[in-house]
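Structural description and commentary
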Amino acid sequence: MAAGTDPNRLDALEARLAAAEAGLARAADELAVMRILASYSPRVDSGDAEGVAALWTEDGVYDVDTGRLDGRDGIEEMVRGEAHQGLIAHGCGHVPSLPVVLLDGDRAVATGYTQLVARSSRPGRYTVLRVTASRWELERRGPVDAPDRGWRVVLRTARAVTDDGEGRALLGRSREG
Amino acid sequence: MAAGTDPNRLDALEARLAAAEAGLARAADELAVMRILASYSPRVDSGDAEGVAALWTEDGVYDVDTGRLDGRDGIEEMVRGEAHQGLIAHGCGHVPSLPVVLLDGDRAVATGYTQLVARSSRPGRYTVLRVTASRWELERRGPVDAPDRGWRVVLRTARAVTDDGEGRALLGRSREG
Amino acid sequence: MAAGTDPNRLDALEARLAAAEAGLARAADELAVMRILASYSPRVDSGDAEGVAALWTEDGVYDVDTGRLDGRDGIEEMVRGEAHQGLIAHGCGHVPSLPVVLLDGDRAVATGYTQLVARSSRPGRYTVLRVTASRWELERRGPVDAPDRGWRVVLRTARAVTDDGEGRALLGRSREG
């Protein structure tokens, strides 16, 4: 038998490939979760209500201190609402920070900050209106081969960092998956 | 014939490896594009004109509302110009957000924010002078084996988010590759 | 001999797999370094002194213009100190930007910005107190198979961007590994 046909080499290759596939899946998942967090901001700042809602599962929740939003309908309503529309017409950015992502199979948790920065009354100046701490809980749902299988937000909990300690408490959970 | 020499196992390994290679290429490309966006800021804030220009292709364009810059020469001129040099000598940061990256073979589009934050006249305070929305269009050019093959910016379109709606329109294109 | 048992195919597979493994290691390392930078902020803003210090090596240094911190003990002391505790009780975020990461085997350098944003005396407003440029030098230490092998910060050099040019000089080193 030729050396090249040694079944041990095939076994070793299969084991190494399986390890590489697992490592690649982790990297791809981490990037996919980061992409969801990054996508929220341009969608919300351009008033793309459907695009924002599509980042959540159908029954997803956006639990924010200014009002809890239930399901995609609740999220779309917020984006289409007068308060949000006024802000984006005036000129603002919900600027996303670099997040920490923790993966656990088909679940993930990401912790990050959003600064809401809007044009000030002084020309050529912007004001930071909010610094929000967010804990994003995500899941990958659906059959393994489904074309729309992918990561979605199940629950985003968001609190301004103030002296009430709620934002701080969320940030304190960044090490918990 | 030993089980290990089954040609079907080799076929299966080759197919799995090809899939892993494709997945890895996507992850590496996404990280490479993020690295270019991240690199712009320290280079521009340290006055590294050549380093900033090198992120673009030779004929790349930086289309910003404060003046369109054509080619690497145009970009270097801006960095060496009085306005920019005054700003960085005073103390400022062009702080980059987490971007959304969409890949399509040898082309990529990234959408993100930059906050221009500079020292205020009040000691120990900074002022946000601009919140810029950017759409970066990148290409990977050159022969596959060329040592300098890599991603470069072909067109960066940048608009402050104001009530003129231009920044908002750019952000609204974040889902378009 | 069946075509599938050709030792050349095995050789080719092994070479391709080795290249994929190397590429995956680079992507995973880059993400791991980003995760450390991202982790600093929620840990420091929630007062998790041990969690912040654990990002450094035992003998790691946090060389910041407001005072050099030596080793994990020095870093924990800063987090537990009155100045920091007052700031986080009041409400603040050390908001991390997208960083540039350069890898070189078991060493890495990352350059990025942190904005320290705190509640202002005006309700519903925040003030940017600092824009800090940081150069993070990291190492991966320990035996290859050790469970706690991983990236740690050896030296973080941090300077506010002001007219003293120190922040600017740090940013100017973003291309140096």
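Residues numbered from 1 in each chain as written. Chains lettered and ligands numbered in written order. Predicted model: local features only at pLDDT ≥ 70, side-chain atom pairs only at ≥ 80, totals over all residues. Heavy atoms only, no water.

What to know about the overall build of chain A
For the record, the criterion: Runs of H or I in DSSP of at least four residues are treated as helices and runs of E of at least two as strands, each being numbered from the N terminus. Taken over C-alpha atoms, the radius of gyration is set against a globule rule of 2.2 Å times the number of residues to the power 0.38. In this scheme, a residue with accessible area under 20% of its type's maximum is buried, one over 50% is exposed, and one in between is partly exposed, where area comes from a 1.4 Å probe on protein chains only. Contacts between residues were defined by any pair of non-hydrogen atoms, one from each residue, lying within 4.5 Å. Residue exposure ignores everything except the shown protein chains as possible cover, and the areas themselves are Shrake-Rupley values with a 1.4 Å probe. When charges are counted, Lys and Arg contribute as positive and Asp and Glu as negative, whereas His and the chain ends are disregarded. Charge positions come from single atoms, namely NZ of Lys, CZ of Arg, CG of Asp or CD of Glu.
Scanning chain A for helices and strands turns up 5 helices and 7 strands. Starting at the N terminus and walking to the C terminus, you meet the elements of chain A as α-α-β-β-α-α-β-β-β-β-β-α. Against the compact-globule benchmark of 16 Å for 177 residues, chain A has a radius of gyration of 21 Å, which places it well outside the compact range. Residues counted as buried form 55% of the 177 residues belonging to chain A. Contacts in chain A between residues far apart in sequence, at least 24 positions, make up 55% of those at least 6 positions apart. About 7,300 Å² of surface is accessible on chain A, with carbon and sulfur atoms providing 49% of the total. Separation of charge centres in chain A, based on 23 positive and 28 negative side chains, amounts to 6 Å.

Considerations on the interface of chain A and chain C
How big an interface is tends to be reported as the loss of accessible area on association of its parts. For the record, the criterion: Summed over both partners, buried area is the accessible surface (1.4 Å probe) that two parts give up on being assembled. Should a side-chain nitrogen of Lys or Arg be within 4 Å of a carboxyl oxygen of Asp or Glu, the pair is scored as a salt bridge. Counting of polar contacts relies on pairs of N or O atoms within 3.5 Å, with two restrictions inside protein: one atom must be capable of donating a hydrogen and the other of accepting it, and residues adjacent in sequence are counted only when both atoms are side-chain atoms.
Counting residues at the interface gives 37 residues for chain A and 46 residues for chain C. It is A:Leu98, A:Arg168 and A:Arg175 that lose the most area in chain A upon contact with chain C, and together they represent 20% of the buried surface on that side. Where chain A packs against chain C, one counts 7 salt bridges. Between C:Asp11 and A:Arg9 there is a salt bridge, with its nearest N and O atoms 2.7 Å apart. On inspection of chain A and its partner chain C, the count reaches 14 residue pairs in polar contact (both at pLDDT 80 or more).

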